[in-house]
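Commentary on secondary and tertiary structure
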Amino acid sequence: MKQGHTYQDSQAPIIERIRDLLGRMTLVEKIGQMVQISKDGIQPGEVKQYFIGSVLSAGGGFPADNTPTGWLAMVNGFQAEALETRLGIPLLYGVDAVHGHGNMVGATIFPHQIGLGASRNPDLVRRIGEATAREILATGIHWNFAPVVVSAQDIRWGRTYETYSEDICIASELATAYMLGLQSLPQDFEPAPGQTIYTLATPKHFLGDGGTEWGTSTTGDYQLDQGDRTIGEADVRSLFLPPYQQAVSQGALSIMPSYSSLNGIKMHANSYWLTDVLKGELGFPGLIISDLNAVQQLSDDCYEAVVTAVNAGMDMLMISLDFKGLLNQMRRAVEKEDIPPARVDDAVRRILHVKFALGLFDRPFGDPGLQEAIGSDAHRQLAREAVRESLVLLKNEAETLPISRDLGLLYVAGAKADSTGSQSGGWTVTWQGTNASLQPGTTILEGIRALAGPDTTVEYQPSGEFKGIADVGIVVVGENPYAEGVGDREDLGLSHADIQLIEGMREHSKRLVAILLSGRPMIITDQVPLADAWVAAWLPGTEGGGVADALFGDYPFTGRLAYAWPRSMDQVPRNDGDEALYPLGYGLP
Ligand code: GLC
C-alpha cells in the first residue's frame, strides 16, 4: 500500500481523510466496502481479491479453534488481507455479543436482556457493555450487533428475552446505557488519532420487530418473528421510534433494520423510515447494516433486491450466500445508474466515517492485550452481580427463602439445574443455544453446593426421583434454549414433564422452591400453589452462583418484573384491563 496520502495521515482531520480516500476509490473498491460477508461464506484470499470491507460471525460462527487465540487468529487473518489491498482500507469485523461474546467458549456470558430489565440498573448494564467491549476487542472484533432496543408487544415472540422491557422508557434507558458501555472511550485508554468510539454498538431492529401480529410471518415456521403489522404512522412513532431517537441522540453509528414489515412493506425496502426519517429527520450520521440475507427477501430477482435495498438507504449488505453474484449485480446497477453513484458515495462515506471513528486505520487489530480479561474473575463477578439483580421473587410463603446453610437435607431436581447451556439460552456458542454445558461457568447446582454448609447434605436427581423428605427441595424448570422465530410459541405453559417434576418434588420436600429459567413469563398459574416459593431467573448466563447467592440470603431479592406476568394465554398478547397474575414492576419483598 502506498504511503503519504492524506487519508493515511493520522494528524489530518477525519473529514479530509474520508474525502481523500473516497476520491481515490474505484467503483469495485467502493462496492466491496458495502458488503459484509459471513466468515463461513468467504474463502482465504477473497477479502483481498474483492476488496471486502467487513466480515461477520453470525450465530454459531466460531472458528475451528474456538478459543480466544483461535478467534484472534481468524479475525487477524481477514484483517491482514484487507490491509494488503491497494488502498489498505481496514476490515470491520462484527459479531452478536448480545449477552457477552457468546459464540466463543470461555467468554463471560451475562444474563440476557430481559433479566437485565428486571434489574432496572443502567449503571450495571453500562458496565456489562464495557466488559463485553473488552472481550470482543481482545479477539480483534470492533462491532457488536447489539442491543435490541424494542419492547415485545406479544411475549409469544421468540426474541422477547433479547428485549429489556415492555416499558419502552425502561428499554430505551437500558439500551442507551449498554450502547454507551460499548462505545465510550475508557478512562485509562489512549485513543487513536480521531477515534471517538471504543467499539461499535448496533441498536436493532429498526422499526417494529417487536410489534408484529401472530401468523403474519412468511419465514419458515415463524409466526411472529419477521412478520407484519398493520399500523398508522402516529402509532409507529409513539410505539417504535423513541428508542432510536434516544440512540441517535446518544451517538449510535450503526443501526440494523428489521426483517419485519409495516403495512406489508419490508423495513429493508422502506425508504421513508430508513432515509427520510432515520437519516433525514433524526439526522442519523452512521451506517445502516442489513440483517443477514434480509435483502434477498425483497425479491427473487437479486438485481431488483439490491437496487431496492440500497436505494431505500441500506449502506452495507450482510450476506452469507453468493456474495460474488451480489457484487456483480450491484456494480451493474451503478453502471446503469439504477443505483445513483451519489448513493454509493453516501454509503461509503458513512462506512469510512465509522471506521475512522473506531480508529481502525491506525489500530486495525483490536487489543490482544485484553485477552486476559476474557472470562476473567472480575468479569464473572460482574456477571454474578447481574444475575443476583435480575432475579424476581414471585412467591415466598412460610419464610421459605432465604434457606439456611445448615439444613439437614436439601434436594435439587431438574436437568436445567446443572447446565450452563440451559441457564444461558440462545446465542451461546451456537445460534440456537443448547442444554449442553458448552460454556465453562457455574451451574445453579454448583452454586448451591458451594454455599451449603458442611452439615447440609445436598442430593441432586435430574429426574426428581428421591426416596425421602428433604427439609428444602429446589426444582429448576423452564424453557429449552432457542433463538429468533424458532422460539415463537403459541402456548407458554410449562411442559408436562416440568409439571410432573414439580408435583413429584412437592411430595419430597417440607418446603419447596421452584426456579424458572425462561426467556419470558410463562403460564404457571396452576403450578404456583405447588411450591412455597417461586423465583423467575430468566436466562442468567454462565454465573449461576448468583442464583445461590440470593437463595441463601447472602444478597436480597431486588428484581422487578420487566414484563407483566399473564394468568393465561387469554392475556397474551396483553388486552387493556387484563389483571395480570403479577403486574409490571412486581417483585418480593
Ligand atoms: C440474525 C438476527 C440479527 C443478527 C444477525 C447476524 O438473523 O436477526 O439480530 O445480528 O442475524 O447474526
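All residue numbers refer to position in the chain's written sequence, counted from 1. Reporting of local features is limited, given that this is a predicted model, to residues whose pLDDT is at least 70; pairs of side-chain atoms are given and counted only at 80 or more, and all residues count toward the totals for whole chains, interfaces and linings. To get the side-chain values, take all heavy atoms of the structure and skip hydrogens and water.

Things to note about the overall build of the chain
Along the chain, the regular secondary structure elements total 17 helices and 17 strands. Relative to a compact globule of 589 residues, whose C-alpha radius of gyration would be 25 Å, the chain shows 24 Å and is just as compact. For the chain, the spread of C-alpha atoms along the principal axes amounts to about 75 × 50 × 35 Å. Note on classification: 1.4 Å probe, protein chains only; a residue is buried when its accessible area is under 20% of the maximum for its type, exposed when over 50%, partly exposed between these limits. Counting over 589 residues, the chain shows a buried share of 62%. For this analysis, residues touch if any pair of their heavy atoms sits within 4.5 Å. A separation of at least 24 residues holds for 77% of the contacts in the chain among residues at least 6 apart in sequence. Helix and strand labels come from DSSP, where a helix needs a run of H or I of at least four residues and a strand needs a run of E of at least two; each type is numbered from the N terminus. In this treatment the radius of gyration is a C-alpha quantity, and the globule benchmark scales as 2.2 Å times the residue count to the 0.38 power.

Structural notes on the domain arrangement of the chain
Throughout, the edges of the domains are those of an automatic or database domain assignment. According to the domain assignment, the chain contains domain 1 (6-372) and domain 2 (373-571). Of note, the centres of domain 1 and domain 2, computed from C-alpha atoms alone, are 34 Å apart. A quick way to say it: buried area is the sum, across both parts, of accessible area lost when two parts are put together, with a 1.4 Å probe. Here domain 1 packs against domain 2, burying approximately 4200 Å² in sum over the two surfaces, 59% of which is carbon and sulfur. Salt bridges are identified by distance alone: a Lys or Arg side-chain nitrogen within 4 Å of an Asp or Glu carboxyl oxygen. Counting across the interface, domain 1 meets domain 2 through 2 salt bridges. Across the pair Glu 484 and Arg 159 runs a salt bridge, and its minimum N-O distance is 3.7 Å. Whenever two N or O atoms come within 3.5 Å, that pair is a polar contact, provided that in protein one can donate a hydrogen and the other can accept it, and provided that, for residues adjacent in sequence, both atoms are side-chain atoms. If you look at where domain 1 meets domain 2, you find 42 residue pairs in polar contact (both at pLDDT 80 or more). Residue composition of the side of domain 1 that touches domain 2, by class: 26 nonpolar, 22 polar and 12 charged. Three residue categories are used. Nonpolar comprises Ala, Val, Leu, Ile, Met, Phe, Trp, Tyr, Cys and Pro, charged comprises Asp, Glu, Lys and Arg, and polar comprises the others, including Gly.

Points about the site of the ligand
Taken together, the neighbourhood of the ligand is formed by 15 residues, with Asp 96, Arg 159, Lys 204, His 205 and Asp 291 sitting nearest. In the model, an oxygen atom of the ligand is placed 2.8 Å from a nitrogen or oxygen of the Lys 204 side chain. Separating an oxygen atom of the ligand from a side-chain N or O atom of Tyr 259 is a distance of 3.1 Å. Throughout, the Shrake-Rupley method with a 1.4 Å probe supplies accessible areas, and for residues the shown protein chains are the sole cover considered. For the ligand, whose free accessible area comes to 310 Å², the fraction covered by protein is 96%. If a single non-hydrogen atom of a residue is within 4 Å of a molecule or strand, that residue counts as near it.

Re the sheet that holds strand 13 (residues 409-413)
For two strands to be treated as a pair, DSSP must find at least two bridges joining them. Read across the sheet, 6 strands follow the order 12-17-16-15-13-14 without closing on themselves; strand pairing throughout is mixed. At either margin of the open sheet sits one strand with a lone partner, and together these are strand 12 (392-396) and strand 14 (457-461). When the angles between neighbouring strand axes are averaged without regard to direction, this sheet yields 15°. For strand 12 and strand 17 (residues 533-536), the ladder comprises 4 bridges, and the chain directions are antiparallel. Bridging across to strand 17, Leu 393 finds its partner in Val 535. On the sheet, helix 16 (residues 496-507) packs against strand 13, strand 15 (470-478), strand 16 (509-517) and strand 17 and is oriented at approximately 175° with respect to strand 15. Each axis is a line fitted through C-alpha atoms, and for a helix only the stretch in contact is used; angles between axes span 0 to 180 degrees, taken between their N-to-C directions.

Looking at the sheet that holds strand 5 (residues 204-206)
The sheet built from 3 strands is open, its strands ordered 5-7-10 with parallel pairing. Each having just a single partner strand, strand 5 and strand 10 (287-288) make up the two edges of the open sheet. Pairing of strand 5 with strand 7 (residues 254-257), which is carried by 2 bridges, proceeds in the parallel orientation. From the neighbouring strand, Lys 204 faces strand 7, where its bridge partner is Met 256.

Looking at the packing of helix 6 (residues 122-137) against helix 14 (residues 377-390)
It is at 11 Å that the axes of helix 6 and helix 14 come closest, and there the two elements cross at 145°. Considering how the two elements wind past one another, helix 6 and helix 14 form a crossing that is left-handed. Two secondary-structure elements touch here, helix 6 through Leu 124, Arg 127, Ile 128, Ala 131, Arg 134 and Glu 135 and helix 14 through His 379, Leu 382, Glu 385, Ala 386 and Glu 389. Looking at the contact of helix 6 with helix 14, its residues break down into 5 nonpolar, 1 polar and 5 charged. By the definition used in this description, the sense in which the near helix is turned from the far one sets the handedness, with an anticlockwise turn below a right angle giving left-handed and a clockwise turn giving right-handed.

Overview of the environment of Leu 200
Relative to the assigned elements, Leu 200 resides in the loop between helix 7 (168-183) and strand 5. Between the alpha carbons of Leu 200 and Ser 254 there is a distance of 7.2 Å; along the sequence they are 54 residues apart. Residue contacts for Leu 200: discarding those within four places in its chain leaves Leu 92, His 142, Trp 143, Asn 144, Gln 183, Leu 253, Ser 254, Val 354 and Leu 358.

A closer look at the packing of aromatic side chains
Any two aromatic rings considered together are summarised by their centre-to-centre distance and by the angle between their planes. Within 6.5 Å between ring centres, the rings of Phe, Tyr and Trp (the latter by its six-membered ring) count as paired, and their orientation is classed by plane angle as stacked under 30 degrees, edge-to-face over 60, tilted in between. In total, this model carries 12 aromatic pairs according to the counting rule given. For the pair Phe 206 and Tyr 244, a centre-to-centre distance of 4.9 Å together with 85° between the ring planes defines the contact as edge-to-face. Note that Phe 206 is positioned in strand 5 and Tyr 244 in helix 9 (residues 242-249), a separation of 38 residues in sequence. The exposure class of Phe 206 is buried, given its relative accessible area of 0%. Judged by relative accessible area, Tyr 244 falls into the buried class, the value being 0%. Judged by centre distance (4.9 Å) and plane angle (75°), the rings of Tyr 272 and Trp 273 are edge-to-face. Here Tyr 272 falls in the partly exposed class, since its relative accessible area comes to 31%. Three or more aromatic residues link up through ring pairs in this structure, and these residues are Trp 538, Trp 565, Tyr 582 and Tyr 586. In this scheme, the term charge over a ring applies when either NZ of a lysine or CZ of an arginine sits within 6 Å of the ring centre and within 35 degrees of the ring normal. When the ring centre of Trp 427 is taken as reference, the NZ or CZ atom of Lys 204 above it lies at 5.9 Å. Over the face of the ring belonging to Tyr 555 we find Arg 388, whose NZ or CZ atom lies 3.6 Å from the ring centre.

Section: the nonpolar core
Generally speaking, nonpolar side chains in soluble globular proteins are found buried as a group. Residues belong to a common nonpolar core when they are buried Ala, Val, Leu, Ile, Met, Phe, Trp, Tyr or Cys residues joined through side-chain atoms within 4.5 Å. Core analysis: the largest hydrophobic core is formed by 165 residues, its most contacted members being Phe 206, Leu 207, Ile 524 and Trp 565. Grouped together as the second largest cluster of nonpolar side chains are 31 residues, Leu 401, Val 412, Val 472 and Val 476 included.

A few points about the pairing of strand 2 (residues 54-57)
Both faces of strand 2 are covered, namely the face carrying Ser 54 and Leu 56 and the face carrying Val 55 and Ser 57. Relative to strand 2, strand 1 (residues 35-38) runs parallel, the two being bridged by 3 bridges. The residue of strand 2 that forms the bridge with Gln 36 is Ser 54. Pairing of strand 2 with strand 3 (residues 92-95), which is carried by 4 bridges, proceeds in the parallel orientation. Each residue of the ladder has a partner; that of Val 55, found in strand 3, is Tyr 93.

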